[in-house]
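Coordinate analysis (summary)
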There are 2 protein chains.
Amino acid sequence: MKKLINGIDDVVREQLQGMAAAHPELSVHIDPHYIVRGDAPVAGKVAVISGGGSGHEPMHGGFVGVGMLDGACPGEVFTSPTPDQMYECGMAANSGAGVLFLVKNYTGDVMNFEMAAEMLAAEGVPVQSILIDDDVAVKDSLYTAGRRGVGTTVIIEKIVGAAAEAGYNLDQCADLARKVNSYGRSMGMALTSCIVPAAGKPTFDLGDDEIEIGIGIHGEPGQKRMPMTSADAITEMMALEIIEDDAYTRTVREWDTENGIWVELELTDEPLAAGDSVIAFVNSMGGTPVSELYAVYRKLAAVCEDKGITIARNLIGPYITSLEMQGFSITLVKVDDEILKFWDAPVNTPGLRWGA
Amino acid sequence: MKKLINGIDDVVREQLQGMAAAHPELSVHIDPHYIVRGDAPVAGKVAVISGGGSGHEPMHGGFVGVGMLDGACPGEVFTSPTPDQMYECGMAANSGAGVLFLVKNYTGDVMNFEMAAEMLAAEGVPVQSILIDDDVAVKDSLYTAGRRGVGTTVIIEKIVGAAAEAGYNLDQCADLARKVNSYGRSMGMALTSCIVPAAGKPTFDLGDDEIEIGIGIHGEPGQKRMPMTSADAITEMMALEIIEDDAYTRTVREWDTENGIWVELELTDEPLAAGDSVIAFVNSMGGTPVSELYAVYRKLAAVCEDKGITIARNLIGPYITSLEMQGFSITLVKVDDEILKFWDAPVNTPGLRWGA
């Protein structure tokens, strides 16, 4: 294992110390690990918070800043953060306008964010929690029941972060997050495995001429293995699965702030259709350079055009990664005027910046 | 070889087509390959142009846009672009205020940019050409005599691009480029090799527990091979070589616009010294994720502090890459008020964006 680390137990802490040194506009807490905006809590503003295992940088810590997240809770590599991290982060970021948790659908994350929501609610903090589950590749996976939360997370954090910055209240932020999740679909693939520092060896083995389609962001198994083929063939296969994905119905638990209980909601995502406009996001899994992402984007744009889907905006680069894994993911998020307005709004974070 | 490409002969063209699809604000020409701002030529503005082999994305094409480059000429992978590309790009970007070529010191690039400068001058276009040679690792290398042009290129393109946007004339832009180059020093290292598509196999072999210090951006040999060690040890070794680098004197050729001849200049870079402020740039070679770059930055900040050097600004991420090579480079560029002002100015390109 060759990685730019020191001791295996120090990986996440030292990366956070590097972030603290590089970004004095952020407040990086080491014990427990969490990152908040330096000006947190921001008076009158809903605190938008996410978190999850480390190894997906810049997500989530790199998306803390004006116009995006108020806070992020990094767990150890590919390991859920703990409820106390989430609770401390929520307390540090809450201005009184409440806390919105954006939770990727992995069993550990969901469980811990639920505990943290209850802990915050017990302190009188208004809290809501929205589940992100956009991966069309598999129904259930190694780490979760239902679809995994992947690339749409980045898009939701940007859009809901901008809405909170613009003065949306907690209910409005939660509604918007739920809507963007229902509009987002993703799929990933891997050319190589990643190596988790504590394991010291590849998470899985792929042959020299073999790829994994539908891979998760932790190297968990995907949909299928197949022989390596062209960028065009891979891109078309994945884009079509996303575009032709049927309506998806599942039951999610959300926190009922008024009554202080968890309620179950049945949510259904409508499929994409000709005439829709989307944000198209081509993401590197970490080890794939941006040049190859442009080859993917070329074909993705052609497939979308062929299907009557207009790409209104795009994002191309490493934003939700899986350590040094080579591969990419495609995310398409249907947009409307509200979503586009918040996508275009200024953002100033280490990982995503424009207009500021 | 597993890469997201189609035919080997189509790699660069298809990546450019992807850029064209993703960035309608750019004008991407396919035959010959060059990229200019969509609004080129910009009246009254010096056209800042760079170029070099492909495989280093986002450099240079991803740095075309408001506040940075007016044009970029991508060669085939790790292959110099041709004089006709540079000439066509210069003609498309020249508004009458002239063309400034920013040329990384590789024999092929230097030769072809010299020919292109003469071709433009023959058409009456005012042209100047500044050599970038900032790599302290080796005196001469496989592809050039003298120091190679590496990370400082990104910094020069940003700063001189902002100056041109602010109305600097051709002489002023050239003076500023020469100054920033004299203030910049870099060094890189590799954990793994890259694979050039046309070769189909790694450019060099590194053992499972071996690294290469002082590597170039084409996988050309560096200073030494050594056993893998900690991020801290590697970072300190490289940072000290940069900080303690002596005054460097060499003879460069620049075009004398008035007399239409090449003149030789002897230029000397002053060493860094305690009390200096710098832009610190930690760059991924392509396959190293940003999380590991933060571990490097943590130690780099400590070494700089220890040496009395203040980091005024930083840039951390994959900006001048070597395909999917794992590894990183450090660049330190001494700054003054003029340089900082132009570093902070708005920039809007696919690869670097803020304030716009």
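Right above here is the structure, for reference.
Residues numbered from 1 in each chain as written. Chains lettered and ligands numbered in written order. Predicted model: local features only at pLDDT ≥ 70, side-chain atom pairs only at ≥ 80, totals over all residues. Heavy atoms only, no water.

Here we look at the interface of chain A and chain B
Across the boundary between the two partners, chain A contributes 53 residues, which contact 53 residues of chain B. Summed over both partners, the interface of chain A with chain B comes to about 4,300 Å²; 59% of that surface belongs to carbon and sulfur atoms. A:Arg298 is the partner of B:Glu14 in a salt bridge, and the nearest nitrogen-oxygen pair spans 3.5 Å. Counting across the interface, chain A meets chain B through 26 residue pairs in polar contact (both at pLDDT 80 or more). Breaking the side of chain A that touches chain B down by element, the ones donating at least two residues are helix 1 (11-22), strand 8 (210-213), helix 6 (231-243), helix 7 (290-306), strand 13 (310-317) and strand 16 (353-354) of chain A. (Contact = heavy atoms within 4.5 Å. Buried area = accessible area lost by both parts, 1.4 Å probe. Salt bridge = Lys/Arg side-chain N within 4 Å of Asp/Glu carboxyl O. Polar contact = N/O pair within 3.5 Å; in protein donor to acceptor, adjacent residues only side chain to side chain. Helix = DSSP H or I, 4+ residues; strand = E, 2+ residues; numbered from the N terminus.)

Points about the environment of B:Pro74
Residue and element names in this part refer to chain B. Turning to its location among the elements, Pro74 is positioned in strand 4 (residues 71-77). Judged by its relative accessible area of 13%, Pro74 is buried. Sequence separation of Pro74 and Glu25 is 49 residues, and the distance between their C-alpha atoms is 18 Å. In this view, Pro74 contacts Leu16, His33, Tyr34, Gly52, Ser54, Pro81 and Gln85; residues no more than four positions away in its chain are not counted. (Buried < 20%, exposed > 50% of the residue type's maximum accessible area, 1.4 Å probe, protein only.)

Thoughts on the pattern of salt bridges
Side-chain pairing between opposite charges can occur once the charged atoms of the two side chains come close. Tallied over the full model, the rule gives 44 salt bridges over all chains. Linking B:Asp39 and B:Arg37 is a salt bridge whose minimum nitrogen-to-oxygen distance equals 2.9 Å. Among the residues examined, B:Asp39 registers a relative accessible area of 43% and is labelled partly exposed. Given a relative accessible area of 4%, B:Arg37 falls into the buried group. One salt bridge in this structure joins B:Arg225 and B:Glu210, with 3.8 Å as the shortest N-O distance. Linking B:Arg225 in strand 9 (residues 224-227) with B:Glu210 in strand 8 (residues 210-213), this pair joins segments that are 15 residues apart in sequence. Residue B:Arg225 is classed as partly exposed on the basis of its relative accessible area of 38%. The structure contains a network of salt bridges with shared partners spanning A:Glu14, B:Asp232 and B:Arg298.

Some words on the packing of helix 5 (residues 170-183) of chain B against helix 8 (residues 337-344) of chain B
All names here are of chain B. Closest axis-to-axis distance for the helix 5/helix 8 pair is 11 Å, and the angle between their directions is 100°. If you check the angle between helix 5 and helix 8, you find them roughly perpendicular. Seen from helix 5, the contacting residues are Leu176, Lys179, Val180 and Tyr183; seen from helix 8, they are Glu338, Ile339 and Phe342. Residues that form the contact of helix 5 with helix 8 fall into these classes: five nonpolar, no polar and two charged. (Axes fitted to C-alpha atoms, helices over the stretch in contact; angles between N-to-C directions. Parallel < 35°, antiparallel > 145°, perpendicular 65-115°, else oblique. Nonpolar A, V, L, I, M, F, W, Y, C, P; charged D, E, K, R; others polar.)

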